[in-house]
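# Fold and geometry: a report
Listed here are the chains, written in short residue letters.
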Amino acid sequence: MSAAAAPEAALAAGRFVKLICGAGNQDLAAIEDLCAVYSLAGVHCIDVAADAAVATAARRGMAWAVERGASQPWLMLSLSDGADPHFRKARFDPTRCPSDCPRPCQRVCPALAIGPSGGVLAERCYGCGRCLPACPLGLIDEQQVLLSPEVVPQLLAAVQPDAVELHTQAGRQEAFAQRLQQVQASGVPPQRLAVSCGLERGASAKDSGSVPAAETPLSARELASELWQRFALVRQCGLKPLWQLDGRPMSGDVGAGTARSAVKLLEALRPWAPPGPLQLAGGTNASTAALLGPNSGAAGVAFGGMARSLLQPLLLEAEARGGALRNCPELLEQALTLAQALLAPWQSC
């Protein structure tokens, strides 16, 4: 089976598994190891930041795994049509921190992106936002990192990804259409155009009042209506959609309970969804598969924070030894066992 056909077959069989390296993650050494281990474990797609250096690191990791018998996963680049938590970086001036601060921001950061005495390591930060409320003095803010319209076609043409993902929110149909035009202008024919969306509201006229968008989530029918609008645009471009249902963004490593968010969203949306495979994301972890019924309609799953946190101690140990995880046989064996256990329920369904 060809490299392009294997992920499509997995989608049709309901066993598609994607690794999310993080739309803002630019830790090249960790990304290369993550891609190597999870490719060897059998993921069908790897989603990375829209960054040429990141894509190169991901491809090196994939190639290492393919040389050892793995199937070639799709390389997917993530874009957004507007402000989005996945495309932000935390930032603060460490000189403003009190000398006796217990640094709760450092303790809650899952990416280890806050140093013991310095500020944010931008390449590691992937925008989870857990540090923002943790700072007792409110010194941490966020910065959106979005590509300009001119850069997108050039980057896609240079990287030649197998698939593209567009993160969107309600009320941003025009912005979505513009990003889609930029994808088309690149001349790259993606195997799938993934659309990532949850129940959050984006900026629109009806959200311009005093009620924060986060306090007025969409209903499943409202989300379906938004996705039908996106479906019309995607099909006009001759592309095949993949609907990524973002149940609880960037929370899969928080605890088993977050798995219910993605499953509940799937159950609520499925009767109203436009044509195309429905893939779980946002809060997904090792508990997700067990929550699904035999006819759930899920085409697959994406693992982000959970997949990365599983291997983080081993990545740190390899770093302490001065080498890559994939080049430390005993650490690699442990990492592969953990990765395979996470993927196993989906590979056997």
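Everything quoted here is computed from the prediction, not taken from an experiment.

## Overview of the overall build of the chain
The helix and strand inventory of the chain stands at 10 helices and 10 strands. Computed over the C-alpha atoms, the radius of gyration of the chain is 19 Å, within 12% of the 20 Å expected from 2.2 N^0.38 for a compact globule of 349 residues. Across its three principal directions, the C-alpha atoms of the chain cover 55 × 55 × 40 Å. Per-residue burial for the chain yields a buried fraction of 53% across its 349 residues.

## Side note on the nonpolar core
Within soluble globular proteins, side chains that are nonpolar tend to cluster in buried spots. Residues Tyr-38, Leu-180 and Leu-193 are the most contacted members of the largest nonpolar core, which totals 81 residues. Contacts of Leu-180, omitting those with residues within four sequence positions, involve Leu-166, Leu-193, Leu-233, Val-234, Cys-237 and Leu-239. Counting 15 residues, the second-largest nonpolar core is a separate cluster that includes Phe-92, Ala-113, Leu-139 and Met-250.

## Thoughts on the environment of Pro-345
For Pro-345, the location among the structural elements is in helix H10 (residues 329–347). Here the alpha-carbon distance between Pro-345 and Ala-290, two residues 55 residues apart in the chain, equals 8.3 Å.

## Overview of the packing of aromatic side chains
Counted according to the given criterion, the structure contains two aromatic pairs. Pairing Phe-16 with Trp-74 gives two aromatic rings, centres 6.1 Å apart and planes at 55°, and the pair type is tilted. Of the two residues, Phe-16 is situated in strand E1 (residues 16–22) and Trp-74 in strand E3 (residues 74–80); the sequence distance between them amounts to 58 residues. Just as Phe-16 is buried, Trp-74 falls in that class too. Geometrically, the ring pair formed by Trp-228 and Phe-231 is edge-to-face, given 5.6 Å between the ring centres and 80° between the ring planes. One end of the pair, Trp-228, and the other, Phe-231, are both in helix H7 (residues 220–236), three residues apart, so they sit about a helical turn from each other. Owing to a relative accessible area of 41%, Trp-228 belongs among the partly exposed residues under this scheme. Above the plane of the ring of Phe-176 lies Arg-230, whose end atom (NZ or CZ) is 5.3 Å from the centre. For the cation-ring pair, Arg-308 lies above Tyr-126, with the distance from its terminal atom to the ring centre recorded as 4.2 Å.

## Brief notes about the pairing of strand E2 (residues 45–49)
Among the five residues of E2, five are classified as buried, and the element is accordingly described as predominantly covered. By the bridge criterion, four bridges tie E1 to E2 in an arrangement that is parallel. Residue pairing across strands places Lys-18 opposite Cys-45, the latter belonging to E2. Note: E2 against E3, five bridges, orientation parallel. Bridge assignment links Ile-46 to a residue of E3, and that residue is Leu-75. Remark: the E2/helix H3 (residues 52–67)/E3 crossover connection has right-handed handedness.

## Here we look at the confidence of the model for the chain
For the chain, mean pLDDT is 94; residues scoring 70 or higher make up 95% of the total. Taken together, the stretch residues 204–214 has pLDDT below 50 and engages in eight contacts with residues farther than four places along the chain or on a different chain.

## Observations regarding H3
Look at H3: 22 Å from first C-alpha to last across 16 residues, which is about the 22 Å you get at 1.5 Å a residue. Turning to H3, its buried residues are Val-54, Ala-55, Ala-57, Ala-58, Gly-61, Met-62, Trp-64 and Ala-65. Of the surrounding elements, those touching the buried residues of H3 are helix H2 (28–41), E2, E3, helix H5 (151–159) and H10. Residue Asp-51 occupies the N-cap position of H3, its side-chain oxygen lying 2.9 Å from the main-chain nitrogen of Ala-53.

Conventions used here
- Residues numbered from 1 in each chain as written.
- Predicted model: local features only at pLDDT ≥ 70, side-chain atom pairs only at ≥ 80, totals over all residues.
- Heavy atoms only, no water.
- Helix = DSSP H or I, 4+ residues; strand = E, 2+ residues; numbered from the N terminus.
- Rg over C-alpha atoms; globule rule 2.2 N^0.38 Å.
- Buried < 20%, exposed > 50% of the residue type's maximum accessible area, 1.4 Å probe, protein only.
- Core = buried A, V, L, I, M, F, W, Y, C linked by side-chain atoms within 4.5 Å.
- Contact = heavy atoms within 4.5 Å.
- Phe/Tyr/Trp six-rings, centres within 6.5 Å; stacked < 30°, edge-to-face > 60°.
- Lys NZ or Arg CZ within 6 Å of the ring centre and 35° of its normal.
- Pairing = 2+ DSSP bridges.
- Right-handed = clockwise from strand over helix to strand, strands pointing away.
- pLDDT = per-residue confidence, 0-100.
- Expected span 1.5 Å × (residues − 1).
- Polar contact = N/O pair within 3.5 Å; in protein donor to acceptor, adjacent residues only side chain to side chain.

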